[in-house]
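# Coordinate inspection notes
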Amino acid sequence: MLNSALRSRAEYAELGADGLAARTTPERDALIVKAVEELLDGKESVLDLCCGYGRIALPLRRAGKVVRGLDISPNLIEAGRAKAAEEELAIDWAIGSMTDLPYKWDSFDAVICLWTAFHELFAEDEQISTICEISRVLKPGGIAIIEGPAWGPATAAEIANGMRQGPEHRIVTTEFSDNRSGVHFIHDEISYGRLCAAAGIDDYKVYKRDWGGRRRLILEIHQPATS
């Protein structure tokens, strides 16, 4: 299997910003932006990790947040940069991997990683590295929000047809309406607890909530107010 970063870069190079945008709607995005703004109330500087073409970074900047966007896909970053330039929005864009962030310790009041992006990491060492990196760049008192699909037990049919694979059948193949398929890792409170324990994070919570009209899983990490 390809390294996660190489696999994601190849997939999004083929899909492109327009193809990715077609998987959502303005109405859904507006609901998600509202939810993010509520969770980040009082937080000024935000890293949109795996920001894509800027569907959340751009609205957050319009709302007055100081925003940086990082993604593994050059074509998506270019699309976000072009839109920001068109609107004269100051956003710092960067190409890079979530497992090795190019930022100093204590850089952000908040980090968000949305739309199943974190769940594209299949290997536990990559997952732990990313959690550690997110914690590292959070300022004291900062918050991180990771959002993705919720875990559910695999059915016999899903196992038989290969739609659920890997340890605990957590690797899932999903068919999209554009006739493409995607593969992601599904977490729950147990798997997220393992990752946070390995990363030395004590203050976190895992919960399900409505997210843009869908029931999604949230990992919320809180950085202690003092280092």
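Scroll up to find the structure.
Analysis parameters
- The written sequence of each chain sets the order in which its residues are numbered from 1.
- Totals for whole chains, interfaces and linings use every residue, but because this is a predicted model, local features are given only for residues with pLDDT of at least 70 and side-chain atom pairs only at 80 or more, for both listing and counting.
- To get the side-chain values, take all heavy atoms of the structure and skip hydrogens and water.
- Strand pairing is assigned whenever DSSP detects at least two bridges linking the two strands.
- Secondary structure follows DSSP: runs of H or I at least 4 residues long count as helices, runs of E at least 2 residues long count as strands, and numbering of each begins at the N terminus.
- Think of it this way: a Phe, Tyr or Trp ring, Trp meaning its six-membered ring, pairs with another when their centres are within 6.5 Å, and the plane angle makes it stacked under 30 degrees, edge-to-face over 60, tilted otherwise.
- Three exposure classes are used, based on accessible area relative to the maximum for each residue type with a 1.4 Å probe and protein chains only: buried under 20%, partly exposed in between, and exposed over 50%.
- Only when the NZ of Lys or the CZ of Arg is both within 6 Å of the ring centre and within 35 degrees of the ring normal is a charge said to sit over the ring.
- One speaks of a salt bridge when a side-chain nitrogen belonging to Lys or Arg is within 4 Å of a carboxyl oxygen belonging to Asp or Glu.
- Residues belong to one nonpolar core when they are buried, are Ala, Val, Leu, Ile, Met, Phe, Trp, Tyr or Cys, and are joined through side-chain atoms within 4.5 Å.
- Here, two residues are considered to be in contact whenever any of their heavy atoms come within 4.5 Å of each other.
- Lines are fitted to the C-alpha atoms to define the axes, a helix being fitted only along its stretch in contact, and any angle between axes, read from their N-to-C directions, falls within 0 to 180 degrees.
- For classification purposes, angles smaller than 35 degrees are called roughly parallel, those larger than 145 roughly antiparallel, those between 65 and 115 roughly perpendicular, and all remaining angles oblique.
- Should the near helix be turned anticlockwise from the far one by less than a right angle, the crossing is left-handed, and should it be turned clockwise, the crossing is right-handed.
- We call Asp, Glu, Lys and Arg charged. Ala, Val, Leu, Ile, Met, Phe, Trp, Tyr, Cys and Pro are nonpolar, and the rest, Gly among them, are polar.
- Cavities and pockets were defined on a 1 Å grid built from protein atoms only: a cavity is a group of points that admits a 1.4 Å probe but offers it no way out, a pocket is an open group of points flanked by protein on both sides within 12 Å along at least five of seven lines, and a lining residue is one with an atom within 4 Å of any such point.
- Grid points are joined across faces, edges and corners, and a volume is the space filled by probe spheres set on the points.

### Description of the pairing of strand β9 (residues 204–211)
One ladder, built from eight bridges, connects β9 with strand β10 (residues 214–222); its direction is antiparallel. Across the sheet, Y207 pairs through a bridge with I218, a residue of β10. In this antiparallel pair of consecutive strands, β9 and β10, the connection spans two residues, and G212 shows a positive phi of 65 degrees.

### Re the packing of aromatic side chains
Under the definition given, this model contains two aromatic pairs. Taking 5.2 Å as the distance between ring centres and 90 degrees as the angle between the ring planes, the aromatic pair formed by Y103 and F108 counts as edge-to-face. For the pair Y103 and F108, a shared accessibility class is recorded, and that class is buried. Measuring from centroid to centroid gives 6.1 Å for F118 and Y192, while their planes differ by 35 degrees, and the two rings are tilted. Residue F118 is located in the loop between β4 (108–113) and α5 (124–137), and its partner Y192 is located in helix α7 (residues 189–198); the two are separated by 74 residues in the primary sequence. One exposure class covers both F118 and Y192, and it is buried. Taking the ring centre of F176 as reference, the NZ or CZ of R23 above it sits at 3.7 Å. Geometry around W115 places R55 over its ring, the cationic atom sitting 3.7 Å from the centre.

### Digging into the pattern of salt bridges
Taken as a whole and judged by the stated rule, the model has 16 salt bridges. One connected set of salt bridges, linked through shared partners, spans E124, E168, R170, D188 and R194.

### Description of the nonpolar core
Ranked by size, the top nonpolar core spans 29 residues in total, and within it L47, L49, V111, F118 and I131 carry the most contacts. At the level of secondary structure, the elements contributing two or more residues to this core comprise β1 (45–49), β4, α5, β5 (138–148), α7 and β10. It is α5 that contributes the most residues to this core, four residues altogether. Every residue in contact with F118, bar those within four places of it in the chain, is listed here: M98, C113, Q127, T130, I131, I146, H187, Y192 and L195.

### Focus on the packing of α5 against α7
Following both chains from N to C, one finds α5 and α7 inclined at 60 degrees, their axes separated by 9 Å at the closest point. Overall, the two elements α5 and α7 adopt an arrangement that is oblique. Along this stretch, α5 crosses α7, giving a crossing that reads as right-handed. Where α5 approaches α7, its residues E124, Q127, I128 and I131 are matched on the opposing element by R194, L195 and A198. Taken together, the residues that form the contact of α5 with α7 break down as four nonpolar, one polar and two charged.

### Let's talk about the environment of T25
Tracing the backbone shows T25 in the loop between α1 (4–21) and α2 (26–39). Owing to a relative accessible area of 37%, T25 belongs among the partly exposed residues under this scheme. Sequence separation between T25 and G212 is 187 residues, and the spatial gap between their C-alpha atoms is 9.5 Å.

### Description of the layout of surface pockets
The computed volume of the largest pocket comes to approximately 870 Å³. Lining of the largest pocket is provided by 44 residues; of these, Y12, L20, W115, T116 and E120 occupy positions nearest its centre. Of all the secondary structure elements, the ones that give two or more residues to the lining of the largest pocket are α1, β2 (66–71), β7 (171–175), β8 (181–185) and β10. In terms of residue count, the dominant contributor to the lining of the largest pocket is α1 (eight residues). Looking at the lining of the largest pocket residue by residue, the class counts come to 19 nonpolar, twelve polar and 13 charged.

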